[in-house]
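Geometric and topological summary
Single-letter residue listing:
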Amino acid sequence: MSDLDEAIEVDRAALLHCPPGHSDRSSSLSNLANSLYGRFEQRGIMSDLDESIELDRDTLLLRPPGHPDRSSSLNNLALSLRDRFQQGGIMSDLDESIELHRDTLLLRPPGHSNRSSSLNNLAISLGDRFQQGGIMSDLDESIELHRDTLHLRPPGHPDRSSSLNNLALGLRDRFQQGGITSDLDESFELHRDALLLCPPGHPDRSSSLSNLANSLYDRFKQGGIMSDLDESIELDRDALLLCPPGHPDRSLSLNNLALSLRDRFRQRGIISDLDKAIELHRDALLLCPPGHPDRSSSLSNLANSLYDRFKQGGIMSDLDEAIELHRDALHLRPPRHPDRSSSLNNLVLSLRDRFKQGGIMFDLDESIELDRDALLLRPPGHSDRSSSLNSLANSLRHRFLQRGIMSDLDESIELDRDALLLRPPGHSDRSLSLNNLALSLRDRFKQRGIMSDLDESIELHRDASLLRPPGHSHRSSSLNNLALRLRDRFQQRGIMSDLDESIELDRDALLLRPPGHSDRSPSLNNLAVSLRDRFQQRGIMSDLDEAIELHRDALFLCPPGHPDRSKSLNNLATNLAYRFRQRGIMSDLDEAIELHRDSLVLRPPGHSDRPSSLNNLGLSLRDRFKQGGIMSDLYESVELHRDALLLCPPGYSNRSKSLNNLVSSLRDRFHHCGVQSDLHEAFGLYSQLSQLSHAASRTDLLVAKSWAAFADTLDHGSALLAYQTALNFLDQQVALLSSSSHHFDVIREAVSSLATDAFSCSVRHGALTTAVELVEQGRAVFWTQLARFSTPLDELSVSGDTATALAEEFRRLSFRLRNAFDQSTEDQSSQIRQLTIQWDDVVSRIRMLPDFSRFLLPPLFSDLQKAAEDGPVVIVNASQYCCDALIVLSDQDPVHVPIDITQTEVSDLSSEFQSLIKEFGSSDTQLELVSILRKLWHRIVGPVVQALKVLNVRPGSRIWWCPTAEFALLPLHAAGAYEKKRDSLSHIYISSYTPTLATLVRARRQVSLDGSPQHFVAIGQGNPDGGRPLECVAPEVAFVAKRLAPVVSSFMRLEDSDSTVKGAFDALNRNQWLHLACHGMPNRRRPFESSFAMRGDEKSPDESIHLAAAMQFSGFRSVIGSMWSVDDEVAQEVVSGFYDHLIDDSGRLDCTRAAMALHKAVKKLWRSDIPLEQRIVFVHIVAAYDSQWFVPAVSTRLTFAYDKTGAWPSDTIFGSSLALRLAV
């Protein structure tokens, strides 16, 4: 039995001799309590501490107020309760300890011999409570009490060094909260003073050395001065020498030195420092056996150092051991333990990293649950709450990236927002929170395609970069993140300024990653990719040259054995091959081939990128064959592409690309060697496209188009199937598009002439109904997308909960699939396959709903034929193969009318006419105009009219023109012989135009019931901002008001200052009928951006209403417009005649009379004093569209809109572009 055990037994015996009521009982109770407390301090046995506390309570009851030893009992009980709090984390123990110390202090007023001890004890307990709850008033009070204690312990006092240390520790804590440098400086000086009072041989020298080391460590953290850290380590070494084996503070000294060495490793990367830290932590842990109060801290410290070594060397055994140690530490920190939340957080980090290494979802799921537990322990107001919010957000984001559950990502974003609120401007971690929220918003953008998420992500990255100024350790990553997001936005919207800024940011990031920096290679690659993107937009060779040099530098940083070497070889080779195609320098191509060979060696069978390397090498060899004619290059190319295709089985995202590469090489070999088997194999491969089982990518579409062109050129039997396949792919691609004009432009360029060539092929094969279906499906891609696709999706969105959910799922999957296709790599193939399966599934489920059986399917001829119920529709088509017209009738198959003109001749005629338009009004153009109109009559319109007569279409009947390609720019309605006793088209039939047959069918479906209210608005802007005044606008609007105000249910007029953008849109919202007199501003490059000139106002500085936006907003179905500038007098005369004939016998406006009303109004112009171009300027267009922005409550009918001074964009009216939305 030890002396301590024997003392306890003696004290127990003494207590038995002092029963209740005995005068010495309180002393006996106190003695036994003190002995038990001493044994607890020695051995850490909790039952000793619990019994000691109960004995102290009994003692205190026997020492009521006034008793001379009451202050001692209060103090003893307070100290024991504080120790129990430190073991179990029960806050009530600490709160009671503080109140007992306050009571003790009251019993030890100024002058009392033990006052300094009471001040010190209360200060220490308040400091403990601050550490737990983060309440600054506790820390401030603790510091003031330590100052008072120090004042009572002047130089020479035996406890002065202790007070200096305690005050220094409190100031250090306050510095860590508020960052006030003066607190840290004072703390440092106090620790130095304390050390001076503890010379060699002093029992407290080791703790003073340790405390001063800690202050130097804090100053290092503040200023980054390595000499502070080095001195701190030396002081810790000295402290350890004073704590030999057996010393009670040895484990603490081992721990402190280990922590400082670990931090020096983090600064300098010297692995020996980290190895030594781990060794010291292991020694410290041996001194903290089970039951030791510091065991949990030792476990945690060793775990953290092993985690650091794992991060450095990637040794999984270090990470596995760290996790087990963190589990053990957590087990010793039960609920209410002050360090439990830290243990939870540490275990989370390690589990999350193990998940990243091994992909075991259980690790990630467990980390999320631990994060949630930690967050509960850090309620609002807790100093570490923002860290827990951030950690849980990161874990949820990782799980979203694995499982794609949107609720995880949404929750992550909300947690990041909460964390950011707790890190206001000035907070040291604000930039981290800004960055995390930005990354999560980018992830959500990639899922849902909501541009506001991407825009917000960019702004958050901007804010983060401002908080990471030059010199900040994370500045390069902030610049890099912002650059990547700007490049994302460029890819969505095509705005060059985003790409330019991205490049500049990439340059700045690269400067911060000099040779030797671990992230230099990715920065070189990012800048190179952006420069190549810009080259592809602007064609500036210096961008491509620089990209190549950057890829060379990146390759140099990926020597043999580097995991990214094959990627760097491929990047450099691809760019060199690209430069060869620009400049034709053979050395570029030769080098590209050798680099591709090297890359292929590093991608052996089974490597995910092997198909890509096989294809790239095959393409470059084929390029070299075309230059040098060496057949071995072509033969090798064929074999490489065969191997690549074998690695891309059906359903593989890049199969069509591999298939096309093999076909192209086979075609080349057929052309050079004439081997029929090559041709047969090529078409056999092409035909596989028609069996595609998933949503088509843009590559699928381009390959199908290539198939169609090749088959049509050779008059192969698969040509018609190829066109049908390509147009089906086009439908799917359009469905995947966002509303960005950039994406529309990309697709429009990809499918130019596809629909018109398909029409021509069908006609040549005698498949006339198929010709109608194909041209309807494919031409006017953007009109088709808006009028045939968007409306059903909008209707779906308001067709009940199930349909609404399907519509949202369709939009989300379409966006994700388009992004995946745009960024397609072998690594993404499985993701693309999964997305296409989901996309096809949701489309199938939509088609099962009532009224949606043909969702995303082209209309059938039997449906399109309804367009001819009120008169024939004439489709006029120009193709590189031939030009044809088809007359669609309501009761029989289409009738073919051959047209004896080539596409080139039509194009020349169109160009001649467009040039002539510019001269209207400034010179005598009569003869040239008549010549053009006669050509139209003799070569195009005349044969159609003859066919119509044979079909018994009576004179005076209505006909609808549906022109394609170059025909869309010609005034077919005005064609004629223009000779005496010979008719022109306008003398025989009444012409209207329609962009598609489906448009005409839709318009007829939307006629409202007779008797419904008619609301009319006349908008006149004769004095637009920055435009020439139009003198006759006011009289014209006045005439319309006088003529129609008595007829319609309500009449509104907006003129001059009221004719603002906002005013016009408000009017369009409330009225079905529109008369518009103003300047028009055509945009032939982007017809959908053509506009009406309005007057700006403060809220709407834009001075124009885009034609597409205005008409889409209102849903107009029928438009009267001018094809070029109109004279004022002519306009007034047509307006007068038009409205006279538009009013029916009941005195109401009748939209079905619009074409006839225009025909009669224009007929009055046929007198010699009015120029011919003014007689034929007006046209009637049918266009139906249910706006996805606004669906009017009442049926919209007609807009009479013409431009008095500038040409209405005729390609906008008739062309296959988004601008057809103007006639909505």
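Residues numbered from 1 in each chain as written. Predicted model: local features only at pLDDT ≥ 70, side-chain atom pairs only at ≥ 80, totals over all residues. Heavy atoms only, no water.

Identification of the chain as TPR-like protein from Suillus fuscotomentosus is taken from an unreviewed UniProt entry.

**Digging into the overall build of the chain**
The condition that has to hold: Helix and strand definitions here come from DSSP, where helices need a minimum of 4 consecutive H or I residues and strands a minimum of 2 consecutive E residues; each element is numbered from the N-terminal end. Throughout this description, buried means an accessible area under 20% of the type-specific maximum (1.4 Å probe, protein chains only), exposed means over 50%, and partly exposed covers the range between. Working rule for contacts: check all heavy atoms of both residues, and any pair within 4.5 Å makes them a contact. Note on areas: Shrake-Rupley, 1.4 Å probe, and residue coverage restricted to the protein chains presented here.
Regarding its fold elements, the chain presents 51 helices and 14 strands. Across the 1224 residues that make up the chain, the buried fraction comes to 56%. Put simply, of all contacts in the chain between residues at least 6 apart along the chain, 67% involve residues at least 24 apart. Surface exposure of the chain reaches about 50400 Å², of which carbon and sulfur atoms provide 51%.

**Here we look at the side chain of R423**
For clarity, the cut-off: As used in this structure description, the phrase polar contact means that two N or O atoms lie within 3.5 Å; if the pair is within protein, one of them must be able to donate a hydrogen and the other to accept it, and residues adjacent in sequence are counted only when both atoms belong to side chains.
Among the secondary structure elements, R423 is positioned in the loop between α19 (406–421) and α20 (430–448). In terms of polar contacts, R423 uses its side chain to reach the side chain of S433, at 2.8 Å. With sequence-adjacent residues up to four places away left out, R423 is seen in contact with S386, S387, N390, D429, R430, L432 and S433.

**Thoughts on unusual backbone geometry**
Its identity is not glycine, yet Y978 carries a phi of approximately 50°, on the positive side. The backbone of D1056 sits at a positive phi, close to 50°, despite the residue not being glycine. Position of D1056 among the secondary structure elements: in the loop between β7 (1050–1055) and α46 (1061–1070).

**Notes on the nonpolar core**
Selection rule: The term nonpolar core refers to a set of buried residues drawn from Ala, Val, Leu, Ile, Met, Phe, Trp, Tyr and Cys, joined through side-chain atoms within 4.5 Å.
Membership of the largest hydrophobic core comes to 80 residues, with the highest contact counts inside it found for I940, V941, W961, F967, L972 and F1016. Broken down by element, this core gets its largest block of residues, 12 residues, from helix α42 (residues 926–950). In contact with I940, not counting residues within four places along its chain, are V876, I899, I901, K935, F967 and L972. One finds L666, L679, W707 and A722 within the second-largest nonpolar core, a separate group that totals 35 residues.

**Considerations on the pattern of salt bridges**
Quick reminder of the rule: Salt bridge criterion: a side-chain nitrogen from Lys or Arg within 4 Å of a carboxyl oxygen from Asp or Glu.
Per the stated rule, a full pass over the model turns up 80 salt bridges. As a salt-bridge pair, E459 and R462 come within 3.6 Å of each other at their nearest N and O atoms. Taken together, the residues span about one helical turn, with E459 and R462 both in helix α21 (residues 451–466) at a distance of 3 residues. Residue E459 is classed as partly exposed on the basis of its relative accessible area, which comes to 41%. Taking relative accessible area as the criterion, R462 reaches 23% and is therefore assigned partly exposed. We note a salt bridge from R579 to D545, for which the minimum N-O separation is 2.9 Å. With R579 in helix α26 (residues 565–583) and D545 in helix α25 (residues 541–556), the pair connects residues that are 34 residues apart, well separated along the chain. A residue is classified by how much of its surface remains accessible, and D545, at 21% relative accessible area, is partly exposed. Via salt bridges that share partners, D5, R39, R43 and D48 belong to a single interconnected network.

**Things to note about the packing of helix α18 (residues 385–403) against α20**
This is how it is decided: With axes taken as lines fitted to C-alpha atoms, and helix axes fitted only over the stretch in contact, angles between N-to-C directions fall between 0 and 180 degrees. Here roughly perpendicular refers to angles of 65 to 115 degrees, roughly parallel to angles under 35, roughly antiparallel to angles over 145, and oblique to all remaining angles. Crossings are sorted by hand: turned counterclockwise from the far helix by less than a right angle, the near helix makes the crossing left-handed, and turned clockwise it makes it right-handed. Residues are grouped as follows: Ala, Val, Leu, Ile, Met, Phe, Trp, Tyr, Cys and Pro are nonpolar; Asp, Glu, Lys and Arg are charged; every other residue, Gly included, is polar.
Orientation of α18 relative to α20, taken along the N-to-C sense of each, is 25°, at an axis distance of 11 Å. Put simply, α18 runs roughly parallel to α20. In the packing of α18 onto α20, the handedness of the crossing is left-handed. Of the residues in α20, those touching α18 at N390, N394, R397, F400 and L401 are L432, N436, L439, S440, R442, D443 and Q447. Per-class residue counts for the contact of α18 with α20 are 4 nonpolar, 5 polar and 3 charged.

**Points about the packing of aromatic side chains**
Worth spelling out the cut-off: Stacked, tilted and edge-to-face pairs are distinguished by plane angle, under 30 degrees for stacked and over 60 for edge-to-face with tilted covering the rest, among Phe, Tyr and Trp rings (Trp via its six-membered ring) whose centres lie within 6.5 Å.
Enumeration over the complete set of coordinates arrives at 13 aromatic pairs. Both rings, one in Y978 and one in W1166, keep their centres 6.2 Å apart while their planes meet at 20°; by these two values the pair is stacked. Highlighted residues: Y978 in the loop between β4 (958–963) and α43 (985–988) and W1166 in the loop between α49 (1154–1163) and α50 (1172–1175), separated in sequence by 188 residues. Classification of Y978 by relative accessible area gives buried; the value is 18%.

**Some points on the environment of C882**
In this structure, C882 sits in the loop between β1 (873–878) and β2 (883–888). Between the C-alpha atom of C882 and that of C761, which follows or precedes it by 121 residues, the distance is 9.1 Å. Here C882 is in contact with S760, R764 and N877, once residues within four sequence places are set aside.

**Details of α49**
The condition is simple: It is the directions from the helix axis to the C-beta atoms whose arc is reported.
Those residues of α49 lying buried are A1154, A1155, A1157, L1158, A1161 and V1162. For α49, the arc enclosing every buried residue in end-on projection is 160°, short of the 170-degree limit, so these residues lie on one face.

**Looking at helix α31 (residues 676–687)**
Keep this limit in mind: Expected helix span is computed as 1.5 Å times (number of residues minus one).
The end-to-end C-alpha separation of α31 is 17 Å, in line with the 16 Å expected for 12 residues at 1.5 Å each. Taken together, the buried positions of α31 are D678, L679, A682, F683, L685 and Y686. Along α31, the residues classed as buried sweep out an arc of 155° about the axis, all on the same side. Facing away from the buried side of α31, by more than 90 degrees, are the exposed residues Q676 and H680.

**Some words on the side chain of N304**
Within the fold, N304 resides in helix α14 (residues 295–313). Within the structure, N304 has its side chain in polar contact with the side chain of H326 (distance 3.3 Å). Setting aside residues no more than four positions away along its own chain, N304 makes contact with R262, H326 and N346.

**Some thoughts on the packing of helix α12 (residues 250–268) against α14**
The geometry of α12 relative to α14 is characterised by a closest axis approach of 11 Å and an angle of 20° between their N-to-C directions. By the angle class used here, α12 and α14 are roughly parallel. Classified by chirality, the crossing of α14 by α12 is left-handed. Facing α12, whose interface residues are N255, L259, R262, F265 and R266, α14 presents N301, N304, S305, D308 and Q312.

**Description of the confidence of the model for the chain**
Low pLDDT means the predicted atomic positions in that stretch should not be read closely. In plain terms, the rule: Per residue, pLDDT measures the predictor's confidence, with a range of 0 to 100.
Confidence in the prediction for the chain averages 85 pLDDT; 89% of positions are at 70 or higher. When mean pLDDT is compared element by element in the chain, β2 scores highest at 97, while helix α51 (residues 1210–1214) scores lowest at 26. Within the model, pLDDT remains below 50 along residues 786–790, and this stretch shows 23 contacts once partners closer than five positions in the same chain are excluded. Here residues 1201–1224 scores under 50 on pLDDT; set against residues more than four positions off or in separate chains, the count is 126 contacts.

**Digging into the pairing of β4**
For clarity, the cut-off: By the convention used here, strands pair only if DSSP detects at least 2 bridges between them.
β4 sits mainly inside the fold: 6 of its 6 residues count as buried. Residue alternation in β4 divides its side chains into two sets, R958, W960 and C962 and I959, W961 and P963, and both sets are buried. By the bridge criterion, 4 bridges tie β4 to strand β5 (residues 990–993) in an arrangement that is parallel. When the bridges of β5 are listed, R958 appears paired with I990.

**Some points on the environment of N570**
Mapped onto the fold, N570 is located in helix α26. Residue classification places N570 among the buried residues on the basis of a relative accessible area of 11%. Separated by 25 residues in sequence, N570 and L595 place their C-alpha atoms 6.9 Å apart. Beyond its immediate chain neighbours, meaning those up to four positions away, N570 contacts H596, S599, R603 and N616.

**Here's the deal with the pairing of strand β3 (residues 895–898)**
Where β2 meets β3, 4 bridges bridge the pair, whose relative direction is antiparallel. Bridge pairing in β3 places A885 opposite V897.

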